[in-house]
Amino acid sequence: MVEDKRCVLAYTSMYIEPDGKIRPCCVSSDFEEELNFNDYKTIPELYNSPQMRGLRKSMEDGTPSKVCDICYKGNNGLMPYWNERWKHKLNDPNLSDSKYNVKSLDYLDARFSNICNFKCRMCGPGLSSQWDEDHIAVEGQSGADYLANRVMIHSDPVGKFTAKDLQTIEHMNVGGGEPFITADFWKLIDSFTDEQKSEITMYVNTNGSVVKYKGESIMEKLSKFKEVVIGVSCDGFGAIGEYQRTGMNQKRFDKNFTHMLEYAFGKDNLIISMEYTITSMNLFHIQDFIFHVKDKWPALGYGIHFHWATTPYYFAPVLAPNKLKQQFISYIEGVLINPREDGVLTDFIHEGEEYQKQHEYSSPIDESLNAFLNHLNSADVEAIRNMQINKNAMPVRKFMKIIDERRGEDWKVVVPHMEAIINADLTLI
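Calculation criteria
Residues numbered from 1 in each chain as written. Predicted model: local features only at pLDDT ≥ 70, side-chain atom pairs only at ≥ 80, totals over all residues. Heavy atoms only, no water. Helix = DSSP H or I, 4+ residues; strand = E, 2+ residues; numbered from the N terminus. Rg over C-alpha atoms; globule rule 2.2 N^0.38 Å. Buried < 20%, exposed > 50% of the residue type's maximum accessible area, 1.4 Å probe, protein only. Polar contact = N/O pair within 3.5 Å; in protein donor to acceptor, adjacent residues only side chain to side chain. Contact = heavy atoms within 4.5 Å. Pairing = 2+ DSSP bridges. 1 Å grid on protein atoms, 1.4 Å probe; cavity = no way out; pocket = protein on both sides within 12 Å on 5 of 7 lines; lining within 4 Å. Points joined across faces, edges and corners; volume = space filled by probe spheres on them. Nonpolar A, V, L, I, M, F, W, Y, C, P; charged D, E, K, R; others polar.

Draft legend 1. Broad picture of the overall build of the protein chain. The helix and strand tally for the protein chain stands at 22 helices and twelve strands. Computed over its C-alpha atoms, the radius of gyration of the protein chain comes to 21 Å, within 12% of the 22 Å expected for a compact globule of 429 residues. Along the longest, intermediate and shortest principal axes, the C-alpha atoms of the protein chain span 55 × 55 × 55 Å. Across the 429 residues that make up the protein chain, the buried fraction comes to 53%.

Written out as structure tokens, the structure reads:
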């Protein structure tokens, strides 16, 4: 019997990029034959396209397409998380028909626009409109040609979704750009009836720079949904946070984040979390950040989720030169032991019996940092290195020099340990 290699997201989800590219989820690679939102008239044609049906077939044959290498070879946690959460769907004998078609879209993962007010260093023009001029400075004429010739998503992407398409959506994952300043995001939100909203869960990622849209309270508008997890991205405080996330202003962030926490207090359907993307730049900042957040926002406590970069290669910790990578591993092993010994007691039910677990910090921190450590120790480095975006990346020394000069910053002052990466060549890792 062929081992079950299916991912439930391949049958239920669709990820949409601002340029219209469709992928099965937010961490997967592009299809070899591009699938684009603009090329099909209806949503069912997209989620039952030859590319999506081919992906499902490859999973059922036991040899998942390389589109999904990031999970099968890179130890990303998205597939096991959703396979467990939607186990009932994965076990449904009617999940797909004999031709690998599915009946509905259950999970919409959309970035309808790249409009953003930040230009984070590990980002680019695909997900941030602020990046355009820097992209030309980095890539020269080829960068200018790319921006001149790129085709962005349909002018009214939300308009392609019929009432029937929206009716089956159970969960949404929405990002940007910065969704809270994007008209298409709010059009999507307003497309659902209050009754539908009461049945939909949502994760929305924001940079925490705004709390109102056209004078309306963002928190109030989101409170209509069954459950909304607002993941507020913050990759450090002070100099490191502002260096990695150009556009962040610490004082403004602190004020807005405090407002979100206060509004959500006592509302079970509004969950605020802090999202920290680990890169080679901010990895050694993790311990300080954990305690900074705990002390500044006691109501949040240890409610931090950690993710990690796999592109571009010079910001991917797993692709760091071996000596630095071992330092990363040792540092994370140390961080996993909480010197304050004030972890959270959590209630669990296992095999019908209720018990409590004492965490070093909290389940979000413990689980995500342990997963990151597993990634550093066992991810398929070759597969990650050979991802197209890594193979096409310019030398890091040139990149850092250009970006620092344009943004009036200096890596030697803020992230001096990056010297090991800047002095190394990817082929020597």
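Draft legend 2. Spatial organisation of the side chain of Ser-233. Assignment of secondary structure puts Ser-233 in strand β8 (residues 227–233). Of the polar contacts made by the side chain of Ser-233, one reaches the side chain of Asn-205; its length is 2.9 Å. Residues within four places of Ser-233 in sequence aside, it is in contact with Asn-205, Thr-206, Asn-207, Arg-245, Phe-253 and Glu-275.

Draft legend 3. Fine view of the sheet that holds strand β9 (residues 270–278). One open sheet holds the eight strands; their spatial order is β2-β1-β3-β4-β5-β8-β9-β10, and the pairing between them is mixed. Strands with a single pairing partner mark the edges of an open sheet, and in this sheet they are β2 (22–23) and β10 (304–308). In the sheet, β8 pairs with β9 via six bridges, with the strands oriented parallel. From the neighbouring strand, Val-228 faces β9, where its bridge partner is Leu-270.

Draft legend 4. Quick look at empty space enclosed by the protein. A full pass over the atoms with the stated rule returns four cavities of 30 Å³ or more. There is about 100 Å³ of room inside the largest cavity. Every residue lining the largest cavity is counted, 14 residues in all, and those nearest its centre are Cys-7, Cys-25, Met-59, Cys-68 and Cys-71. Of all the secondary structure elements, the ones that give two or more residues to the lining of the largest cavity are α1 (9–12), α4 (69–72) and α5 (78–85). It is α4 that contributes the most residues to the lining of the largest cavity, three residues altogether. Class assignment of the residues belonging to the lining of the largest cavity gives a composition of 13 nonpolar, one polar and no charged.

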